[in-house]
Amino acid sequence: MNLKPWSVVLGGGLMGRLLASTLARNGHRVELFEAQQADAQGAAARVAAAMLAPLAESAITEPGVVRMGEYALSRWPQLLQSLPEPVYFQQNGTLILWHRQDQAEARRFAQLIARNQQRQPSLPAPVALETTGLAEHEPAVADRFAQGLYLPGEGQLDNRQLLSALWTDLARQGVEVHCDSPRDVTDFSAGAPGQPDWVFDCRGLGARTEWSQLRGVRGEVVRLHAPEVTLQRPTRLIHPRYPIYIAPKQDHVFVIGATEIETEDLSPASVRSTLELLSAAYTVHSGFAEARILEVLTQARPTLPDNLPAVRALTPRTLQINGLYRHGFMIAPAMLDVVMQWVSQHTTELAQSFDMRFDHD
C-alpha cells in the first residue's frame, strides 16, 4: 500500500503556509508547527505592503531576485485561484513620483532602472510621464507633481487576506496544525523510521539556532483608512533620506512605509519616523490629512549577510528556506517552486535560473 509522504513544516508565516498548502495539494500528509497563534502576529509577512515590483526593486537588489519577482507576477494568480477565500490582487503598474528639489535623485533612479530593464528586456520598459501623462495615469496626484515614471505590469496583493486564505486552506486540506508549538529541525530526523519523510524549516529569525548568519532588519509601516484618497496603484516617492511607498488596498486602506533599520528592536515606532511617513504621504495627496490611523507597526525581516534568499539542505530531506528580506511576497512563489522541484525531482535547475543559493551535497 502506498502511503502519503509525511512532511513537517516549521513556521506558519508566509513561506510556511504557502509551502504547507502546496505540499498538501500535492498529496502529502502535512503537519505545521507554529510557535505562536494563527493570526501571524509574529510573522514579518503581516507587517508588509506585499508589492510585486521587480523593476522598482532592481534599484537595490540583484538580477536574480528581479527574475524571481517577474516569475511571481504570473505565478501568484495561479496560486490564488486555488484558495478558498478571495485575495485582493492588482497588476496595474507602479508609479514613481518626486518633488522638484529631488530631481537629481529621480534622474539617477530612472537611469538605473532603465539600464536594469535593458539587461532584462522581458520586463516592460519604464514610461516617463509629463503633466498630461501623469494626469491620465493617476489624476489624483496630477495637481501636485509635474513629472513621474510609470513601471507597467507591476502589482500587489493583500498580505493579510492571503495569510487568512492560506490558513483556511490548510484546514480544508486536512493539514494538522500545532499552534504555540515551537520546534527545531533537530527535533526530527527526516527519513528515519517513525520520522517524517521531509522537514522544511520556514521559521525566519526563529531558525537562528541552526543558521547563525541570519539577522533582523527592522521595518515600520503605517496603515491608514483614507476615504478621500483614491490611488490606482502602488506609488513610490523618491526622497534622499526616506523614499516612501504607498500601497492602496481595498476600501481606501493604505499601507505606507519606508524605513529600513539594521536592528531587531521591535519597540514601537518613533515619533520622528511616524511623522516622516505621514508627512511624505500628505505631500503626495492632501486627502491623507483626514485619514484615520489604523495601526503603526514594526517588525524585523529575516535577512542573510548578502541580503539574498537561500535554501539549505541540512540533509537531502531537511531543507531550510530563509532570508527573504524585504522581498517576501515578491519572491515567495519562486522559492516555493524551487523547493517543490527539489522534492519531486531532486534537482535545482530552477534555483540556478534565479541565481539562488541552494546549498546541498
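So, here is what we can say about the structure in this document. (Residues numbered from 1 in each chain as written. Predicted model: local features only at pLDDT ≥ 70, side-chain atom pairs only at ≥ 80, totals over all residues. Heavy atoms only, no water.)

The next subject is empty space enclosed by the protein. Overall, the coordinates contain one cavity of 30 Å³ or more when judged by the stated rule. If you add up the space inside the largest cavity, you get close to 40 Å³. Taken together, V47, G219, E220, V221, Q299 and R301 make up the full set of residues lining the largest cavity. Among the secondary structure elements, those contributing two or more residues to the lining of the largest cavity are β11 (215-225) and β15 (292-303). The element that contributes the greatest number of residues to the lining of the largest cavity is β11, accounting for three residues. (1 Å grid on protein atoms, 1.4 Å probe; cavity = no way out; pocket = protein on both sides within 12 Å on 5 of 7 lines; lining within 4 Å. Points joined across faces, edges and corners; volume = space filled by probe spheres on them. Helix = DSSP H or I, 4+ residues; strand = E, 2+ residues; numbered from the N terminus.)

One can find S7 in strand β1 (residues 6-10). What makes S7 buried here is its relative accessible area of 0%. Excluding residues that lie within four positions of it along the chain, S7 makes contacts with L23, H28, R29, V30, E31, W198 and F200. (Buried < 20%, exposed > 50% of the residue type's maximum accessible area, 1.4 Å probe, protein only. Contact = heavy atoms within 4.5 Å.)

Let us look at helix α3 (residues 63-81). For an α-helix, 3.6 residues make a turn, and residues three or four places apart therefore share a direction. The first and last C-alpha atoms of α3 sit 28 Å apart over 19 residues, in line with the 27 Å expected at 1.5 Å per residue. At S74, α3 shows its strongest bend, of approximately 40°, with the proline P77 following within four residues. Inspection of α3 places G64, V65, V66, M68, G69, A72, L73, R75, W76, L79 and L80 among the buried residues, and these make up the whole buried set. (Expected span 1.5 Å × (residues − 1). Bend = angle between axes of the 7 residues up to and from the residue.)

Moving on to the sheet that holds strand β18 (residues 357-359). Read from one edge of the open sheet, seven strands run β9-β2-β1-β10-β17-β16-β18, paired in mixed fashion. Two strands lie at the open edges of the sheet, namely β9 (176-178) and β18, each paired on one side alone. On average, each strand axis in the sheet is inclined to that of its neighbour by 15°, with strand direction left out of account. Pairing of strand β10 (residues 198-201) with strand β17 (residues 318-322), which is carried by three bridges, proceeds in the parallel orientation. The partner of D201 across the bridge, within β17, is Q320. Its contacts with the sheet put helix α8 (residues 328-345) on β10, β16 (310-315), β17 and β18, and the angle it makes with β17 is roughly 170°. (Pairing = 2+ DSSP bridges. Axes fitted to C-alpha atoms, helices over the stretch in contact; angles between N-to-C directions.)

Distances and angles like these do not, on their own, reveal function.
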